[in-house]
Amino acid sequence: MTAPILIFDSGIGGLSVVGALRTRLPGAPLAYVCDNAALPYGTKPDAWLVARIVSVCRAAVAASGARALVVACNTASTLALKALRECLSIPVIGTVPAIKPAAHASRSGVFGLLATSATVSRPYTQRLIGEFAPDCTVVRLAADPLVAQAERVLTGMPWDDAVIAASLAPLWEASRLDTVVLGCTHFPLLREALERHAPREIVWIDSGDAIARRVAQVVSQAVSGTARDASDRDASWASAPQQSGLARTLAGYGFSAPNPLALPDTVLTF
């Protein structure tokens, strides 16, 4: 059997790229791992996060026998890609905020970056802006509460309109802003709510299809283009597999109930 492509996220936000991957590579088996015991990543110290991310991904790659790792988390990608590539022998595909597409899409030259605190403040993010949007005004907004809202929605609970409105409000102070980068893989899962709370028409840009294109370039020669049977279930793992609603949510994206992810004793909780 062909080894799977492993998708990793701190929670279930990485599911936002699964649809694009299944479209690009319909014959490819996937696997999913989430470190939901440590959610959210965006508010935790860098050094702790790097150690945690490396430990979780190494354990998940070993458990799944993955042929490639997709780091479907902007915070983890902007922080730990180098460390992951140094310790893993398989290709590692990261996720970065879609600054370049947003700069091209914005007609006014004013766009927003909606992300977690860690991604918004990361030097890597500033370098992307400097390279691809030097003539644009980029409104950077940390919206950590939206991560929990996306997790709520995927587990069958309603989003909180007050939290959505408060998280987005600073964006609308820029009257010429016409485009928003969804700089966290959780945020595309809230697209309907975000659109509902926008005071005008906004172009929303995420990285899902770009990730899928890159993965296809890396693994396409070894993956059949024939779609698998819809009843097939891909494997999944989680650091807190008994979390309410997790198994049901993963099932909705074609994954079996999550296995417990065995981590080294040296991996600490925060």
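Residues numbered from 1 in each chain as written. Predicted model: local features only at pLDDT ≥ 70, side-chain atom pairs only at ≥ 80, totals over all residues. Heavy atoms only, no water.

Comments concerning the overall build of the protein
Helix and strand counts for the protein stand at eleven helices and ten strands. Relative to its length of 270 residues, the protein is compact, with a C-alpha radius of gyration of 18 Å against a globular reference of 18 Å. Classification of the 270 residues of the protein by burial places 54% in the buried group. By sequence separation, contacts in the protein at least 24 residues apart represent 73% of the contacts at least 6 residues apart. As displayed, the protein has an accessible area near 11,700 Å², and 52% of this comes from carbon and sulfur atoms. Computing the positive centroid from 23 side-chain charges and the negative centroid from 21, the protein places the two 5 Å apart. (Helix = DSSP H or I, 4+ residues; strand = E, 2+ residues; numbered from the N terminus. Rg over C-alpha atoms; globule rule 2.2 N^0.38 Å. Buried < 20%, exposed > 50% of the residue type's maximum accessible area, 1.4 Å probe, protein only. Contact = heavy atoms within 4.5 Å. Areas by Shrake-Rupley, 256 points an atom, 1.4 Å probe, with all protein chains shown as cover. Lys, Arg positive; Asp, Glu negative; His and termini not counted. Charge placed at Lys NZ, Arg CZ, Asp CG, Glu CD.)

Looking at the UniProt feature "binding site: substrate" (unreviewed entry) in the protein
Mapped onto the present numbering, the UniProt feature "binding site: substrate" (unreviewed entry) falls on Asp9, Ser10, Tyr41, Gly42, Asn74, Thr75, Thr185 and His186. Separation in sequence by 178 residues is not matched in space for these annotated residues, since their most distant C-alpha atoms are only 12.3 Å apart. Cross-referencing the annotated residues with the largest cavity identifies Asp9, Ser10, Tyr41, Gly42, Asn74, Thr75, Thr185 and His186 as lining it. By the element assignment, Gly42 lies in the loop between strand S2 (30–34) and helix H2 (46–64). Other than its neighbours up to four places away in sequence, Gly42 contacts Thr75, Thr116, Ser117, Ala118 and Asp144. Mapped onto the elements, Asn74 comes out in helix H3 (residues 74–87). With residues near it in sequence (within four places) discarded, Asn74 still touches Thr95, Val96, Pro97, Thr119, Gly183, Cys184 and Thr185. (UniProt positions renumbered as here; feature names shortened; annotations may be inferred. 1 Å grid on protein atoms, 1.4 Å probe; cavity = no way out; pocket = protein on both sides within 12 Å on 5 of 7 lines; lining within 4 Å.)

Here's the deal with the environment of Val56
Counting through the fold element by element, Val56 comes out in helix H2. Judged by its relative accessible area of 0%, Val56 falls in the buried class. For Val56 and Ser10, which are 46 residues apart along the polypeptide, the C-alpha to C-alpha distance reads 9.7 Å. Excluding residues that lie within four positions of it along the chain, Val56 makes contacts with Phe8, Val33, Asp35, Leu261 and Leu263.

Examining the sheet that holds strand S1 (residues 5–9)
On the basis of which strands lie adjacent, the open sheet formed by six strands has the order S4-S3-S1-S2-S9-S10 and parallel pairing. What marks the edges here is a single partner per strand, and that holds for strand S4 (92–93) and strand S10 (259–260). Bridge analysis of strand S3 (residues 68–71) against S4 gives two bridges, and the strand direction is parallel. Looking across to S4, one finds that Val70 is bridged to Ile93. Sheet contacts for H2: S1, S2, S3 and strand S9 (235–238); angle to S1, the most-contacted strand, approximately 150°. (Pairing = 2+ DSSP bridges. Axes fitted to C-alpha atoms, helices over the stretch in contact; angles between N-to-C directions.)

As for the domain arrangement of the protein
Segmenting the protein into domains produces domain 1 (5–96 + 209–267) and domain 2 (99–205). The gap between the C-alpha centroids of domain 1 and domain 2 is 23 Å. Taken together, the 27 residues of domain 1 in the interface contact 20 residues of domain 2. When the buried area of domain 1 at its contact with domain 2 is split by residue, Ile12, Asn74 and Thr78 rank highest and sum to 28% of it. The shortest N-O distance in the salt bridge between Asp46 and Arg122 comes to 2.8 Å. Joining domain 1 to domain 2, the criterion identifies eleven residue pairs in polar contact (both at pLDDT 80 or more). If one sorts the elements of the side of domain 1 that touches domain 2 by residue count, H3 sits on top with four residues. Partitioning the side of domain 1 that touches domain 2 into residue classes produces nine nonpolar, 15 polar and three charged. (Domains from an automatic or database assignment. Buried area = accessible area lost by both parts, 1.4 Å probe. Salt bridge = Lys/Arg side-chain N within 4 Å of Asp/Glu carboxyl O. Polar contact = N/O pair within 3.5 Å; in protein donor to acceptor, adjacent residues only side chain to side chain. Nonpolar A, V, L, I, M, F, W, Y, C, P; charged D, E, K, R; others polar.)

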